[in-house]
Amino acid sequence: MEEGERIVELLEKILQTLERIEEKLNGRPGRGLSGVDPFMLLELPDNLRTTAMALIKIGSGTASDVAEITGRSRAIESHYLNTLVKMGYARKRREERRVIYEI
């Protein structure tokens, strides 16, 4: 298989995954993947991509919520989530003492 064909196949697989996630999230107010560009995910390093995919999966949540999905520590996920915020791929807001992140 040629390199270009493998890339196209990978992009199609990512798009299918995003569509399945969107189907699961439909019906929940304020959630969806209309603003998620699958090509954006390919531009990210693996560690940030894993964090972004976990955040997409839950819609919004804390660093602890993301850490439960990825199996990494809360501190690492907090750093990665803040990096995604600085890059413009995620937003964060405070709810009392908790910081909530969302794509």
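Everything below is about the structure printed above this text.
Given the structure is predicted, the values throughout are model-derived calculations rather than measurements.

Caption draft 1: Spatial organisation of the pattern of salt bridges. For the structure on display, the rule yields 6 salt bridges. A salt bridge links Arg93 to Glu95; its shortest N-O distance comes to 3.0 Å. Of the residues examined, Glu95 reaches a relative accessible area of 36% and is grouped as partly exposed. Notably, a salt bridge pairs Glu102 with Arg93, separated by 3.1 Å at the nearest N-O pair. Each of Arg91, Arg93, Glu95 and Glu102 takes part in one network of salt bridges that share partners.

Caption draft 2: Structural detail: the sheet that holds strand β2 (residues 91-95). Taken in spatial order, the 3 strands line up as β1-β3-β2 in an open sheet, and their pairing is antiparallel. The open sheet is flanked by β1 (60-61) and β2, the only strands paired with a single partner. Judged from the 5 bridges that link them, β2 and strand β3 (residues 98-102) form a sheet pairing that is antiparallel. Following the sheet pairing, Arg94 is matched in β3 by Val99.

Caption draft 3: Summary view of the side chain of Thr51. Following the sequence through the fold, Thr51 ends up in helix α3 (residues 46-58). On the basis of relative accessible area, Thr51 is assigned to the buried category, the value being 0%. Among the polar contacts made by the side chain of Thr51, one reaches the main-chain carbonyl oxygen of Asn47 at a distance of 3.2 Å. Non-local contacts of Thr51, meaning those with residues more than four positions away in its chain, are made with Val66, Arg72, Glu77, Tyr80, Leu81 and Leu84.

Caption draft 4: Representation of the environment of Leu48 in the model. Looking at where Leu48 falls in the secondary structure, it is placed in helix α3. With relative accessibility at 6%, the residue Leu48 sits in the buried group. A C-alpha to C-alpha distance of 9.8 Å links Leu48 and His79, two positions 31 residues apart in sequence. With residues near it in sequence (within four places) discarded, Leu48 still touches Tyr80, Thr83, Leu84 and Met87.

Caption draft 5: Quick peek at α3. Taking 1.5 Å of rise per residue, the 13 residues of α3 would be expected to cover 18 Å, and the 19 Å separating its terminal C-alpha atoms lies within 8% of that figure. For α3, the full list of buried residues reads Leu48, Thr51, Ala52, Ala54, Leu55 and Ile56. A positive phi of about 85 degrees marks Gly59, the residue just after α3.

About the cut-offs
- Within each chain, residues carry numbers counting from 1 in the order of the written sequence.
- Given that the model is predicted, a residue must reach a pLDDT of at least 70 before its local features are reported, and side-chain atom pairs must reach 80 or more before they are shown or counted; all residues, however, enter totals for whole chains, interfaces and linings.
- With hydrogens and water excluded, all non-hydrogen atoms of the structure serve as input to the side-chain values.
- Salt bridge criterion: a side-chain nitrogen from Lys or Arg within 4 Å of a carboxyl oxygen from Asp or Glu.
- Only protein chains enter the accessibility calculation, which uses a 1.4 Å probe; a residue whose area is less than 20% of its type maximum is buried, one above 50% is exposed, and one in between is partly exposed.
- The rule for pairing is simple: two strands pair if DSSP sees at least two bridges between them.
- Each helix is a run of DSSP H or I of at least 4 residues and each strand a run of E of at least 2, with the numbering of both proceeding from the N terminus.
- We call two N or O atoms a polar contact when they sit within 3.5 Å, provided that within protein one can donate a hydrogen and the other can accept it, with sequence-adjacent residues counted only if both atoms are side-chain atoms.
- Two residues qualify as a contact provided that any one of their heavy atoms is within 4.5 Å of a heavy atom in the partner residue.
- What a helix is expected to span follows from its residue count: subtract one and scale by 1.5 Å.

From the geometry alone we can't say anything about function, so treat these as descriptive.
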